[in-house]
Amino acid sequence: MLNLQFFLQCKYQEESLKKKSKGRACKNTGSYLVSRMAERPPRRPRVAWEARAPQESSSPLKPYEVCMVQPLQTDGSWLAVCEKESVRCIQAFLKSTEKDEAQKMRFLQSIRTLCRAARHKGLSQGLDVFCPRDELAENIRALLQEEPRDHLRTAVRQQAMLAIAALSSAEAVPEGQTIPLLDACFSSVFCLPPKEDMQGLDTSLYHKTLHAMDTMLQTVVLGSPASSLSKELQSILQMLLTFTKSPSAAVRERAVGRIGTLSYLLASYSSLEAWCPFGREDDSPACHGGIHIPILGELLGRLILLSFCKDKETSRAALHALHHLFRFLQQQRCSAWPEDNLQHQRVWGAASTSCRSLPSTSATTKVFGKYLQPLERTDIILTAIEAMTDASISDKEGASSMLDEAMKDPNSWLTDVPKIMSGIHGNLEHICVAPARHSVDSLLLLLTNRCPREVVKSLLKCSPPVDSAALAMWEVMFSRLQPLEKVLRELRIELRNQRMRRLFSTVLEDTCILQLTLLAASDVRAKEFAATYNLWRSLRHQSLEMLSLVLQGLVTLSQRPETARKMRVLLEDIVETLESGNEDIQMKALLVFRNMLGHMRRQEASPIALQLAEKLLPLFNHESSQLREFSLRLFREVMQKVAWRHKRQMRKNVRQGLLPLFFHLSDQSQSVAKASGEALLAAAELLKWKQLRHLLQTQQTWRIGECLVVQDRSRAEEYCHQSLPHLKDAQATVREAAVRFIGLAARPLRDQSPEKLAEICRALKALEKDVEPSVSSLASQTVLILRQLIPQHTLAAVVFDKFSPRPGFPPKVAVFDHNLSTVAGFSLGGQRAKGKWQPPKEAGLPGELPDALPFQQPLAAQPTLTWAQGTKRHPRSAKLASLHASRCSEVATSCVLWAGTALPGTQFHVEGLKPKGGASCPATSAQ
């Protein structure tokens, strides 16, 4: 048994058609208006909204009278006194330049009064004799645009929309003015702040304003001719859809509520036959068909997404609209089914309640999909793809679920491949959420497997053919073996048929793709691989994007064992791509190597592994955690693939990687830290270091640093030098691990290399200002400890004339340690006068200076071990004679005093650090 509501609706439509035929039969008689008005209730209530309680959507309007339009008597004899007053009020308002709120209200009410009189008397044609309709529409729109957007305190918006409804019912809206008027109404009302943010808001006025908009929309739509009804609905819904994409929740809620109003009308009158009693008389064939809304698919897709949004009011309004549209689809799309069809009856009986209780976007999409045309299903797919880039849709998983549901039934949903491909191309670059991007990639791969020719042709039509979005789509299709083989086959056909036209940007790119299509053939020989890659080498200099695409093809093709083995001839060229600095290209090159090694026996893979191990070391410290992890895992595989004859050389490479592996045990990425630990364990097994293997297996990571130092003390200086770059690592955990290890490894340098120890102290000194407190504190403590290990020696200062480049400039003083190694150079203070140097009034010597000075100036020649007293002719000349470490200070002091250049209070300045004067060094008085 059919639903009772449907049965009553059909009976109502039948009775309405009978009444319409009866009305037409008497339309030429004098009693026509009386008979029509007696048969039907008034066309629309005009004042009822004032007493009704606010609600989200208005009730359906009852059938109303549409009178035959009679010519208007220009003498105004048909106007009553109040109506003539309305005409005068309108005319005065149009001539006025300054208009207050009272004048605006009288003007809008006068329009309603005059239109009501013209409609009831059937004399609306020629209404612009008294008040030009163009001016009325322009003035109403101007009033709406002038209303403030930050508050709602007057009824001007409400009265303006009721005036538009009155003009529409009297057929007095000028042609082409309906949509601009509605747009002004939507902008004026929807863009108001949220209710809770408007101070002093009259809630009753707010709801009355929204109800006036509902009344206006109903009047405009119901008054449209049947032949243009679909076009009118399409235009209005398109405007409302635009507002549903606003970032403001309040704007979306108001727009969805108005869509619900129109959806209710569609559910109540689902065919043009049911609509005809309300609209204007229209005998065109279109009156006998169904209501067609081209935007229906996009509308449904948007409402499905909004029905599951976080904003409860918007979600509720969207669910109401979906419920009404579901009824509309059932009534319109199921009307052709036989009434005794049991399946139809079961669907019809359960559908009226199922829409409100659907659990997810996927289930909702599935239910609506049964009633939609292929074009409408395509629009839902495009809406879901666009929503993945839309900031107003916070739940991108809902859009992904819609695509997943469509992919379950590709025969019904994936019918318009070019349109779907265009939608993916236009939105792919703006999809940033990983699950959403995965859904789009899955859709693209499914389309490629099902319709490879249409996919390739659609993508080649993009302009430019290899823009970033198109390249991303090609790479997705190149990422799976089966789609890649189909795409390459279609590309080969297109390239052969192109004649003079290029498919990609350059001839080189076309040639590379053509060669790649040859590689997909199973009978290709290894030599052909090498010849093909000679072309790809030039891509590194011309197009990194195309090189990335070609490498992606190699990654996928290398999944086949026979192809992977033939790629050995490409080894040298692929290794070079690891130095490109492009993360994407480096990652794909590593993937090719992994696939190649995985399909080779140990004897075949060993030389490749040996060559690759050295190239992987710099990637351990890459800023990309993904690339760090993959290079560490590949390094572990490389160590396991080496044959016995290459193990000696492999151990040398592995020792170079011990410290990076150890430091990245502290990597902030847990996956990188795990990969580093696995690689370090493989290194311990290759090196046969049992203690290191034991510490890793028992997870005693804090003892690994000491184990490395103890295992090979001769490499302490090398370890320290290798650790210094890690002090600048972007991760604080790695910097801290490097500082801690340096504190252990630098201790043996006390007797081996004090100069290296001083250099390490200077490097650690820079970390005392690190942004991470744990790093800065540990660096300060380590510097204090290491400084105690540096041997303390007395420094000597000696004047050398050759340090002074020109006469008249201050003489220079060289500072030596006990090994006669130059530590620093100083310039005595003073001033230049008349081409001669004038020493200051007071001078002194530095005496014993600290050993760890952060500068060093080598002498041009090592001083001799002889001492000769200077002569009066050359009072500033001096040579070292029988210089002993215990007498360095005395000799230096005597030399400076004898030369006549040291006076009490002289300041010494560091030479060479600053262009002007340098940094001052504390001085002591000469003894």
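The rules behind the values
- Residues numbered from 1 in each chain as written.
- Predicted model: local features only at pLDDT ≥ 70, side-chain atom pairs only at ≥ 80, totals over all residues.
- Heavy atoms only, no water.
- Helix = DSSP H or I, 4+ residues; strand = E, 2+ residues; numbered from the N terminus.
- Buried < 20%, exposed > 50% of the residue type's maximum accessible area, 1.4 Å probe, protein only.
- Contact = heavy atoms within 4.5 Å.
- Areas by Shrake-Rupley, 256 points an atom, 1.4 Å probe, with all protein chains shown as cover.
- Phe/Tyr/Trp six-rings, centres within 6.5 Å; stacked < 30°, edge-to-face > 60°.
- Lys NZ or Arg CZ within 6 Å of the ring centre and 35° of its normal.
- Expected span 1.5 Å × (residues − 1).
- pLDDT = per-residue confidence, 0-100.
- Axes fitted to C-alpha atoms, helices over the stretch in contact; angles between N-to-C directions.
- Parallel < 35°, antiparallel > 145°, perpendicular 65-115°, else oblique.
- Left-handed = near helix turned anticlockwise from the far one by under 90°.
- Nonpolar A, V, L, I, M, F, W, Y, C, P; charged D, E, K, R; others polar.
- Core = buried A, V, L, I, M, F, W, Y, C linked by side-chain atoms within 4.5 Å.
- Salt bridge = Lys/Arg side-chain N within 4 Å of Asp/Glu carboxyl O.

Peer 1: Can you help me understand the overall build of the protein chain in this one?
Peer 2: Scanning the protein chain from terminus to terminus reveals 42 helices and nine strands. The buried share of the protein chain, taken over its 927 residues, is 53%. Of the contacts formed within the protein chain by residues at least 6 apart in sequence, a portion of 70% connects residues at least 24 apart. Accessible surface computed for the protein chain: about 43,200 Å², of which carbon and sulfur atoms make up 51%.

Peer 1: Got a minute to help me understand the side chain of Asn595 in this structure?
Peer 2: Counting through the fold element by element, Asn595 comes out in helix H30 (residues 583-598). Look at Asn595 and you get buried, because its relative accessible area is 10%. Not counting residues within four places of it along the chain, the set of residues in contact with Asn595 comprises Val555, Ser558, Gln559 and Ala564.

Peer 1: Help me understand the packing of aromatic side chains in this model?
Peer 2: Geometrically, a pair of aromatic rings is defined through the distance of the ring centres and the angle of the planes. This structure, assessed with the given rule, holds 12 aromatic pairs. Seen in terms of ring centroids, Tyr719 and Phe741 are 5.8 Å apart; in terms of plane orientation they differ by 75 degrees. Their pairing is edge-to-face. Of this pair, Tyr719 sits in helix H37 (residues 716-723) while Phe741 sits in helix H38 (residues 732-745), and the two are 22 residues apart along the sequence. Looking at Phe741, the relative accessible area reads 1%, which means it is buried. Members of the aromatic cluster, connected to one another through ring pairs, are Phe662, Phe663, Tyr719 and Phe741. One Lys or Arg, Lys99, reaches over the ring of Phe93 and ends 4.4 Å from the middle of that ring.

Peer 1: Looking at this structure, I do not really get helix H4 (residues 101-120). What am I missing?
Peer 2: An α-helical turn contains 3.6 residues, so a residue and the one three or four places further along point in the same direction. Over its 20 residues, H4 runs 29 Å from end to end, which matches the ideal 28 Å to within 8%, given 1.5 Å per residue. Taken together, the buried positions of H4 are Lys104, Met105, Phe107, Leu108, Ser110, Ile111, Arg112, Leu114, Cys115, Ala117, Ala118 and Arg119.

Peer 1: Explain the confidence of the model for the protein chain here, please?
Peer 2: Segments scoring low in pLDDT should not have their predicted coordinates read at a detailed level. This prediction gives the protein chain a mean pLDDT of 74; 67% of its residues lie at or above 70. Counting contacts from residues 282-289, a segment whose pLDDT is below 50, to residues more than four positions away or on other chains yields 17 contacts. Of the regions scoring below 50 in pLDDT, residues 834-927 engages in 187 contacts with residues more than four places distant in sequence or in other chains.

Peer 1: Looking at this structure, how should I read the packing of helix H7 (residues 178-190) against helix H9 (residues 229-244)?
Peer 2: If you want to describe how two helices pack, look at the angle between their axes and the distance between the axes. Running from amino to carboxyl end, H7 crosses H9 at an angle of 25 degrees, the nearest separation of the two axes being 11 Å. Accordingly, the angle class assigned to the pair H7 and H9 is roughly parallel. The chirality of how H7 crosses H9 is right-handed. Where H7 approaches H9, its residues Thr178, Ile179, Leu182, Asp183, Phe186, Ser187 and Phe190 are matched on the opposing element by Glu232, Ser235, Ile236, Met239, Leu240 and Phe243. Grouping the amino acids of the contact of H7 with H9 by side-chain chemistry returns eight nonpolar, three polar and two charged.

Peer 1: It is not clear to me how the packing of helix H33 (residues 647-663) against H37 should be interpreted in this structure. Could you clarify?
Peer 2: The interhelical angle for the contact between H33 and H37, taken along N-to-C directions, is 55 degrees, at an axis separation of 10 Å. Between H33 and H37, the angle falls in the class oblique. Here the hand of the crossing between H33 and H37 comes out right-handed. Along its contact with H33, which presents Gln656, Leu658, Leu659, Pro660 and Phe663, the element H37 presents Glu718, Tyr719, Gln722 and Ser723. Here the residues of the contact of H33 with H37 are counted per class, giving five nonpolar, three polar and one charged.

Peer 1: So what exactly am I meant to see when it comes to unusual backbone geometry here?
Peer 2: Excluding glycine, residues mostly carry a negative phi; peptide bonds, for their part, are mostly trans. Although it is not a glycine, Glu171 adopts a positive phi angle of roughly 55 degrees. Checked against the element boundaries, Glu171 lands in the loop between helix H6 (156-169) and H7. Although it is not a glycine, Gln699 sits at a positive phi angle of roughly 60 degrees. Along the polypeptide, Gln699 turns up in the loop between helix H35 (690-697) and helix H36 (704-711).

Peer 1: Looking at this structure, I do not really get the nonpolar core. What am I missing?
Peer 2: Soluble, globular proteins show a tendency: their nonpolar side chains are buried together. Grouped together as the largest cluster of nonpolar side chains are 231 residues, with contacts concentrated most on Ile140 and Trp474. The element that contributes the greatest number of residues to this core is helix H8 (residues 203-222), accounting for 10 residues. For Ile140, the residues in contact, after removing those within four places along its chain, are Phe107, Leu108, Ile111, Ala160, Ala163, Ile164, Leu167 and Leu181.

Peer 1: What is the right way to look at the pattern of salt bridges in this model?
Peer 2: If charged atoms from side chains of opposite charge come close, those side chains can pair. By the definition in use, this model includes 27 salt bridges. Between Glu759 and Lys756 there is a salt bridge, with its nearest N and O atoms 3.5 Å apart. With a gap of three residues between them, Glu759 and Lys756 both fall in helix H40 (residues 754-765), about one helical turn apart. By sharing partners, the salt bridges in this structure join Lys245, Glu298 and Glu386 into a single network.

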